[in-house]
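# Observations on the three-dimensional arrangement
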Amino acid sequence: IFDRGSVPAKKFVGFITDKPNQNKLRKQIWGDKVTVTAGNIHALVLQLFVSGIIELFLQHDDMVGKDNIEAKHVMIRLAKRTVDDSNTSFEDFKLNDDGAWSLFNCRD
């Protein structure tokens, strides 16, 4: 989904459904034999936001505070975090933080 760094917010749910690729991503998330509803997909997106794994941003910084923002201007990207090692600190994606997944009911 994020091989380009970000995706348009209005297309994000479609990327999870992933019909052009035979629903491979959906099957990886929920399994082969599970019926997935629109509610399941929207709940996942909300959990990703709440956990801080993904974040919204505007396509152009000069749009901040403007009244004419439309859905096509809003993008989604993976959120980053700063990791402090004993000797150094570096940026990593929040999805690599085990604590970010505490809201999710993951199967083994």
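Residues numbered from 1 in each chain as written. Predicted model: local features only at pLDDT ≥ 70, side-chain atom pairs only at ≥ 80, totals over all residues. Heavy atoms only, no water.

Moving on to the sheet that holds strand S3 (residues 74-78). The strand order across the open sheet formed by three strands is S1-S3-S2, and the pairing between neighbours is antiparallel. Among the strands making up the open sheet, the edge pair consists of strand S1 (7-8) and strand S2 (54-58). Here S1 pairs with S3 via two bridges, running antiparallel. If you follow Pro8 over to S3, its bridge partner there is Met75. Of the strands in this sheet, S2 and S3 are in contact with helix H3 (residues 38-50), which crosses S2 at around 85 degrees. (Pairing = 2+ DSSP bridges. Helix = DSSP H or I, 4+ residues; strand = E, 2+ residues; numbered from the N terminus. Contact = heavy atoms within 4.5 Å. Axes fitted to C-alpha atoms, helices over the stretch in contact; angles between N-to-C directions.)

On to the packing of aromatic side chains, then. Scanning all chains against the criterion turns up one aromatic pair. When the ring of Trp101 is compared with that of Phe104, the centres are 4.8 Å apart and the planes differ by 50 degrees; the resulting orientation is tilted. Classification of Phe104 as buried rests on a relative accessible area of 13%. Over the aromatic face of Phe57 sits the side chain of Arg77, whose NZ or CZ is 4.0 Å from the ring centroid. (Phe/Tyr/Trp six-rings, centres within 6.5 Å; stacked < 30°, edge-to-face > 60°. Buried < 20%, exposed > 50% of the residue type's maximum accessible area, 1.4 Å probe, protein only. Lys NZ or Arg CZ within 6 Å of the ring centre and 35° of its normal.)

Once that is clear, we can look at the pairing of strand S5 (residues 89-93). When strand S4 (residues 80-84) meets S5, the two strands line up antiparallel, connected through five bridges. If you follow Lys80 over to S5, its bridge partner there is Phe93. If you look at the hairpin formed by S4 and S5, you'll find four residues sitting between the two strands.

Bringing the nonpolar core into the picture now. The biggest cluster of nonpolar side chains holds 15 residues, and the ones touching the most others in it are Phe12, Ile16, Trp30, Leu44, Leu48, Ile53 and Ile54. Looking at this core, the elements that each hand over two or more residues are helix H1 (12-17), H3 and S3. (Core = buried A, V, L, I, M, F, W, Y, C linked by side-chain atoms within 4.5 Å.)

Worth remembering: the numbers are spatial, not functional.
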